[in-house]
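Structural characterization, general
Okay, here's what each chain looks like letter by letter:
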Amino acid sequence: GTITFYVRKGNTYTSEQSLRPPVGQQAELVGVEVPATTLEQIRRDFLEHRTPSLVKIDIEGAEAAALGAAPTEWFGPDGPFWLLEIHPGALLRFGATPLQIIDRFPPLHFDRWLLAKHPLKPLTTTSVIALADAGSAAAIDFEGSLYYNFFAAPKGDRWKGRRERLGKFFSTQEP
């Protein structure tokens, strides 16, 4: 169907364009009706039930809803590689948390990394955090950066080479 997406009047840039914009910015935004679908429907219509190589989601807080409407097998060891933006403030407007997003990708099936983007305080260590187990994400202060990029590489044989290259890349990043 369609949904209302709120954009800045005059086509100016904002990082808060969303299905649910911050209350303080609503007067500066205009609602636009846009087509909407689910990842399951995209798979049926365009992938003929195949698994994509990559899924990137950056939908200003609605990530939990999108993940909830994705094919379950995409969260297994031979699913796609995932790249998601985690914007704690935007997620909150949808009643979701960063941990709910990360927990959708169990460490049994995924190697996971978090990259702080636009830190709100100086970084004392590398901005890339490996999330090796279920408890590692719970220890993160998600108030330390405006938003984060989350990477999840499936552990199945299909992606072994890509996962190993990413692991080497992320382990060499400097602050």
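See the structure printed just above.
Keep in mind that this is a model prediction, so the values were computed, not measured. Within each chain, residues carry numbers counting from 1 in the order of the written sequence. Where local features are concerned, this predicted model is filtered to residues with pLDDT of at least 70; where side-chain atom pairs are given and counted, the filter is 80 or more; whole-chain, interface and lining totals use all residues. The basis for the side-chain values is all heavy atoms of the structure; hydrogens and waters are excluded.

1. Here we look at the overall build of the chain
Test applied: Helix and strand labels come from DSSP, where a helix needs a run of H or I of at least four residues and a strand needs a run of E of at least two; each type is numbered from the N terminus. Relative accessible area decides the class of each residue, using a 1.4 Å probe on protein chains only: under 20% of the type maximum gives buried, over 50% gives exposed, and in between gives partly exposed. We call two residues contacting when some pair of their heavy atoms lies within 4.5 Å. Per-residue accessibility takes into account occlusion by the displayed protein chains alone, with areas from the Shrake-Rupley method and a 1.4 Å probe.
A tally of helices and strands in the chain yields six helices and seven strands. The secondary structure elements of the chain, listed N-terminal to C-terminal, are β-β-α-β-α-β-α-α-β-β-α-β-α. Counting the 175 residues in the chain, one finds 42% classified as buried. Pairs at least 24 residues apart make up 70% of the contacts formed inside the chain by residues separated by at least 6 positions. For the chain, the exposed area adds up to about 9,700 Å²; of that, 57% sits on carbon and sulfur atoms.

2. A look at the environment of Asn149
Its place among the elements puts Asn149 in strand β7 (residues 145–154). Residues Asn149 and Val128, spaced 21 residues apart in sequence, show a C-alpha to C-alpha distance of 9.4 Å.

3. Comments concerning the pairing of β7
Going by this rule: Pairing between strands requires that DSSP locate at least two bridges from one strand to the other.
Counting buried positions over the 10 residues of β7 gives nine, a clear majority of the element. In the sheet, strand β4 (residues 81–86) pairs with β7 via five bridges, with the strands oriented antiparallel. Across the sheet, Glu85 pairs through a bridge with Asn149, a residue of β7. As judged from the nine bridges shared by strand β5 (residues 110–119) and β7, these two strands associate in the antiparallel manner. Counterpart to Leu114 in the pairing with β7 is Phe150.

4. Structural notes on the nonpolar core
Which entries qualify depends on this criterion: Remark: nonpolar core denotes a set of buried residues (Ala, Val, Leu, Ile, Met, Phe, Trp, Tyr, Cys) joined through side-chain atoms within 4.5 Å.
With 27 residues, the main nonpolar core has Trp82, Phe105, Leu114 and Phe150 as its most contacted residues. Going through the elements one at a time, α1 (39–47), β3 (54–57), α2 (63–68), β4, α4 (98–103), β5 and β7 are the ones with two or more residues in this core. Excluding anything up to four places from it in sequence, Phe150 contacts Trp82, Leu83, Leu84, Ile86, Ile102, Phe105, Arg112, Trp113, Leu114 and Leu131. Phe81, Trp113, Val128 and Leu166 belong to the second-largest nonpolar core, a separate cluster that totals nine residues.

5. A few points about the sheet that holds strand β6 (residues 128–130)
Filter applied, for reference: Convention adopted: a line fitted to C-alpha atoms gives each axis, helices being fitted over their contacting stretch, and angles between N-to-C directions are expressed from 0 to 180 degrees.
An order of β3-β4-β7-β5-β6 is seen for the five strands of this open sheet, with the pairing classed as mixed. Two strands close off the open sheet at either side, each with one partner strand: β3 and β6. Taking each pair of neighbouring strands and ignoring which way they run, the sheet shows an average axis angle of 15°. Relative to β5, helix α6 (residues 160–171) is tilted by about 40°, and along the sheet it contacts β4, β5, β6 and β7.

6. Things to note about the packing of aromatic side chains
Let me state the cut-off plainly: Stacked, tilted and edge-to-face are the three classes assigned to paired rings of Phe, Tyr and Trp, where Trp is represented by its six-membered ring and a pair needs centres within 6.5 Å; plane angles under 30 degrees give stacked, over 60 edge-to-face, the rest tilted. For a ring to carry a charge above it, either NZ of a lysine or CZ of an arginine must fall within 6 Å of the ring centroid while also lying within 35 degrees of the normal to the ring plane.
Per the counting criterion, the structure on display carries six aromatic pairs. Geometrically, the ring pair formed by Phe75 and Phe105 is tilted, given 5.4 Å between the ring centres and 55° between the ring planes. Linking Phe75 in the loop between α2 and β4 with Phe105 in the loop between α4 and β5, this pair joins segments that are 30 residues apart in sequence. A relative accessible area of 5% places Phe75 in the buried class. The class for Phe105 is buried, based on a relative accessible area of 0%. An aromatic cluster of at least three residues, connected via ring pairs, comprises Trp74, Phe75, Trp82, Phe105, Phe110 and Phe150. Residue placement shows Arg104 over the ring face of Phe75; its charged tip is 3.6 Å from the ring centre.

7. A word on α6
Spelled out, the test is: One less than the number of residues in a helix, times 1.5 Å, gives the span that helix is expected to have. This arc is built from the directions going out from the helix axis to the C-beta atoms.
Here α6 contains 12 residues, and its C-alpha end-to-end distance of 16 Å stays within 8% of the 16 Å for a straight helix at 1.5 Å per residue. Taken together, the buried positions of α6 are Arg163, Leu166 and Phe170. All buried residues of α6 fall inside an arc of 65° around its axis, so they share one side. Along α6, exposed side chains directed more than 90 degrees from the buried face belong to Arg165, Lys168 and Ser171. Those residues of α6 that are buried are in contact with β4, β5, β6 and β7.

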